[in-house]
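Notes for the structure review
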Amino acid sequence: MEEVLTYLVRSLVDDPDSVSVESYEEEDGTVVLELRVADDDAGQVIGRGGRTAQALRTVMKACSVRHGRRVLVDVVA
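Described in the following lines is the structure provided in the data block. Bear in mind that the values here come from a model prediction, so they are computed numbers and not experimental data. (Residues numbered from 1 in each chain as written. Predicted model: local features only at pLDDT ≥ 70, side-chain atom pairs only at ≥ 80, totals over all residues. Heavy atoms only, no water.)

1. Remarks on the environment of Leu 35
Relative to the assigned elements, Leu 35 resides in strand 2 (residues 31-36). Taking relative accessible area as the criterion, Leu 35 reaches 0% and is therefore assigned buried. Separated by 42 residues in sequence, Leu 35 and Ala 77 have C-alpha atoms that sit 8.2 Å apart. With residues near it in sequence (within four places) discarded, Leu 35 still touches Val 9, Val 19, Ser 20, Val 21, Val 45, Asp 74, Val 75 and Val 76. (Helix = DSSP H or I, 4+ residues; strand = E, 2+ residues; numbered from the N terminus. Buried < 20%, exposed > 50% of the residue type's maximum accessible area, 1.4 Å probe, protein only. Contact = heavy atoms within 4.5 Å.)

2. Concerning the pattern of salt bridges
Side chains that differ in sign of charge can pair as their charged atoms come close. One pass over the full model with this rule turns up 3 salt bridges. Across the salt bridge formed by Arg 69 and Glu 25, the nearest N and O atoms sit 3.2 Å from each other. Of this pair, Arg 69 sits in the loop between helix 3 (51-67) and strand 3 (71-76) while Glu 25 is found in strand 1 (residues 20-25), placing the two residues 44 residues apart along the sequence. For Arg 69, a relative accessible area of 38% translates into the label partly exposed. Put simply, Glu 22, Glu 34 and Arg 36 are held in one network by salt bridges that share partners. (Salt bridge = Lys/Arg side-chain N within 4 Å of Asp/Glu carboxyl O.)

3. Considerations on helix 1 (residues 2-12)
Residues of helix 1 that are buried include every one of Leu 5, Thr 6 and Val 9, and no others. The buried residues of helix 1 occupy an angular sector of 100° when the element is viewed end-on, so they sit on one face. Seen from the buried face of helix 1, the exposed residues on the opposite side, beyond 90 degrees, are Glu 3, Tyr 7 and Ser 11. Considering only its buried residues, helix 1 is in contact with strand 1, strand 2, helix 2 (42-46), helix 3 and strand 3. (Arc of directions from axis to C-beta.)

4. Regarding the sheet that holds strand 1
An order of 1-2-3 is seen for the 3 strands of this open sheet, with the pairing classed as mixed. Among the strands making up the open sheet, the edge pair consists of strand 1 and strand 3. Pairs of neighbouring strands in the sheet enclose a mean axial angle of 20°, with direction left out of account. In this structure, strand 1 lies alongside strand 2, joined through 6 bridges in antiparallel fashion. Residue pairing in the sheet places Glu 25 in a bridge with Val 31 of strand 2. (Pairing = 2+ DSSP bridges. Axes fitted to C-alpha atoms, helices over the stretch in contact; angles between N-to-C directions.)

5. Observations concerning the nonpolar core
The nonpolar side chains of soluble globular proteins are, as a tendency, buried together. Core analysis: the largest hydrophobic core is formed by 15 residues, its most contacted members being Leu 5, Val 9, Leu 33, Leu 35, Val 37 and Val 45. When contributions to this core are tallied by element, the ones reaching two or more residues are helix 1, strand 2, helix 2, helix 3 and strand 3. Per-element tally for this core: the top contributor is strand 2, with 3 residues. When neighbours within four sequence positions are excluded, Val 37 is seen to be in contact with Val 9, Val 13, Ser 18, Val 19, Ala 42, Val 45 and Val 76. (Core = buried A, V, L, I, M, F, W, Y, C linked by side-chain atoms within 4.5 Å.)

The following block contains the structure:
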């Protein structure tokens, strides 16, 4: 799932080398993906009104169903 998120975000930003995704699992089994991008690219990842970030979360939720897990995506600037 990390690779899917990394691929999607790298195609959106101006500086794809600065994209990194860290994951950890919470006690209830939820996988949290922390997305880090360059400060200049944060606006592109979040999008107008948060629409791009919400679309990324929707895609990752669909991907997580395949693995039978719950996934949260956090954008960390």
